[in-house]
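# Architecture at a glance
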Amino acid sequence: MSLYAIGDLHFSTSVDKPMDVFGENWAGHEQKIIDSWKNSVKEDDLVLVLGDTSWGINLNEAKSDLDIINNLPGNKVFIKGNHDYWWTTVTGLNKLYENMNFLQTNFYEYGEYAICGGRGWMCPNDVKFDENDLKIYKREENRLRLSLEAARKKGYKKLIVITHYPPTNDKLEDSIFTKLFEEYNVEKVIYGHLHGKESFKMGLKGDKNGVEYILASCDYTDFKLIKILD
């Protein structure tokens, strides 16, 4: 049972939102992702989907995209991205599909690991961070803490966290998120959101204070799923 991850699918089967306006590499990106998924994932594997899954603005518009993912191999765990306007409540979403699970303050059991997660938020920076951002920043940290604490109370010691936003600012400075992950001895943090070569430089990667950080936005991975664990 292997563990895979990919972020920012940006599927748009029900809305007109071509992604190739962001670069030629995005042309036909949906099929690239689907082909990689089918070639990599087996039915008993788990795929972590890191937000910005569908451009649908409501669940009716997003359903055709979610149906495509549902029909791909493996079980799936989702977190909310900043463009997932269709996202309703975790309770409601978790009733829609048998092999698709949605996280926000809850967690997913994967063998000896607990998969915890939440959207996250932009971290304090010199470009744009106001009082409203600070409020959301602290709220999202609390939601992640609730997810981690729920796993810890269930007895899990091996923790993986998925977020949509990077856990630091563009200067890769410590944040309340990185401090939280160190507090709970999280093994791996996997995130997306960043697009384009210049933005990729702003993502924390590799080991920092015992936590491994992995960027998995789909254009960073060349629209391929990446294996996290065998």
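Look a little higher up for the structure.
Structure report, in brief. Quick caveat: nothing in here was measured; it's all calculated off a predicted structure. (Residues numbered from 1 in each chain as written. Predicted model: local features only at pLDDT ≥ 70, side-chain atom pairs only at ≥ 80, totals over all residues. Heavy atoms only, no water.)

## A closer look at unusual backbone geometry
- The residue Asp222 is not glycine, and still its phi comes out positive at about 60 degrees.
- Residue placement: Asp222 occurs in the loop between β10 (211-215) and β11 (226-229).
- Classification of Asp222 by relative accessible area gives partly exposed; the value is 45%.
- A positive phi is found at Phe223, a non-glycine position, where the angle reads about 65 degrees.
- Counting through the fold element by element, Phe223 comes out in the loop between β10 and β11. (Helix = DSSP H or I, 4+ residues; strand = E, 2+ residues; numbered from the N terminus. Buried < 20%, exposed > 50% of the residue type's maximum accessible area, 1.4 Å probe, protein only.)

## Topic: the pairing of strand β1 (residues 3-6)
- The alternating pattern of β1 places Leu3 and Ala5 and Tyr4 and Ile6 on opposite faces, both of which are buried.
- The pairing of β1 with strand β2 (residues 46-49) spans 4 bridges and is classified as parallel. Considered in β2, the bridge of Leu3 is made with Leu46. (Pairing = 2+ DSSP bridges.)

## Observations regarding the side chain of Lys76
- Within the secondary structure, Lys76 sits in strand β3 (residues 75-78).
- No salt bridge is formed by the buried Lys76, whose closest oppositely charged neighbour, Glu43, lies at an N-O distance of 6.3 Å.
- Within the structure, Lys76 has its side chain in polar contact with the backbone oxygen of Gly74 (distance 2.9 Å). (Lys, Arg positive; Asp, Glu negative; His and termini not counted. Salt bridge = Lys/Arg side-chain N within 4 Å of Asp/Glu carboxyl O. Polar contact = N/O pair within 3.5 Å; in protein donor to acceptor, adjacent residues only side chain to side chain.)

## Some points on the packing of aromatic side chains
- Scanning the model with the defined rule gives 11 aromatic pairs in all.
- Each ring, one from Trp86 and one from Trp87, has its centre 5.6 Å from the other, and the planes form 45 degrees; the classification is tilted.
- The class for Trp87 is buried, based on a relative accessible area of 7%.
- Here the aromatic rings of Tyr137 and Phe177 are separated by 5.3 Å at their centres, their planes lie at 85 degrees, and the arrangement is edge-to-face. Within this pair, whereas Tyr137 is found in helix α4 (residues 131-153), its partner Phe177 is found in helix α5 (residues 176-183), the two being separated by 40 residues in sequence. Both residues of the pair, Tyr137 and Phe177, count as buried.
- The rings of Phe78, Trp86, Trp87 and Phe102 are connected pair by pair, giving a single aromatic cluster. (Phe/Tyr/Trp six-rings, centres within 6.5 Å; stacked < 30°, edge-to-face > 60°.)

## A short note on the packing of α4 against α5
- Two elements in contact, α4 and α5, have axes whose closest approach is 10 Å; the angle formed by their N-to-C orientations is 10 degrees. By the angle class used here, α4 and α5 are roughly parallel. Across the interface between the two elements, Tyr137, Lys138, Glu140, Glu141, Leu144, Arg145, Leu148 and Arg152 of α4 pack against Ile176, Phe177, Leu180, Phe181 and Glu183 of α5.
- Of the residues in the contact of α4 with α5, the class split is 7 nonpolar, no polar and 6 charged. (Axes fitted to C-alpha atoms, helices over the stretch in contact; angles between N-to-C directions. Parallel < 35°, antiparallel > 145°, perpendicular 65-115°, else oblique. Contact = heavy atoms within 4.5 Å. Nonpolar A, V, L, I, M, F, W, Y, C, P; charged D, E, K, R; others polar.)

## What about the sheet that holds β11?
- If you walk across this open sheet you meet the 5 strands as β4-β3-β2-β1-β11, and the pairing is mixed. The open sheet is flanked by β4 (100-102) and β11, the only strands paired with a single partner. Neighbour to neighbour, the strand axes of the sheet diverge by 25 degrees on average, direction disregarded.
- Judged from the 3 bridges that link them, β1 and β11 form a sheet pairing that is antiparallel. Residue pairing across strands places Ala5 opposite Ile226, the latter belonging to β11.

## Some words on the nonpolar core
- Core analysis: the largest hydrophobic core is formed by 28 residues, its most contacted members being Ile33, Trp37, Phe78 and Leu225.
- Taken together, the elements giving at least two residues each to this core come down to β1, α1 (29-40), β2, α2 (59-70), α3 (90-93) and β4.
- Ignoring any residue separated from it by four or fewer positions in sequence, one finds Leu225 in contact with Tyr4, Ala5, Ile6, Ile33, Ser36, Trp37, Val41 and Val47.
- Counting 27 residues, the second largest nonpolar core, distinct from the first, contains Cys116, Ile136, Leu159 and Val211. (Core = buried A, V, L, I, M, F, W, Y, C linked by side-chain atoms within 4.5 Å.)

## Concerning the pairing of β10
- Where burial is concerned, most of β10 is hidden: 4 out of the 5 residues are buried.
- Where strand β8 (residues 188-191) meets β10, 4 bridges bridge the pair, whose relative direction is parallel. Paired with Ile190 across the two strands is Ile214, which belongs to β10.
- Sheet topology note: the strand β9 (residues 206-208)/β10 ladder contains 3 bridges and is antiparallel.

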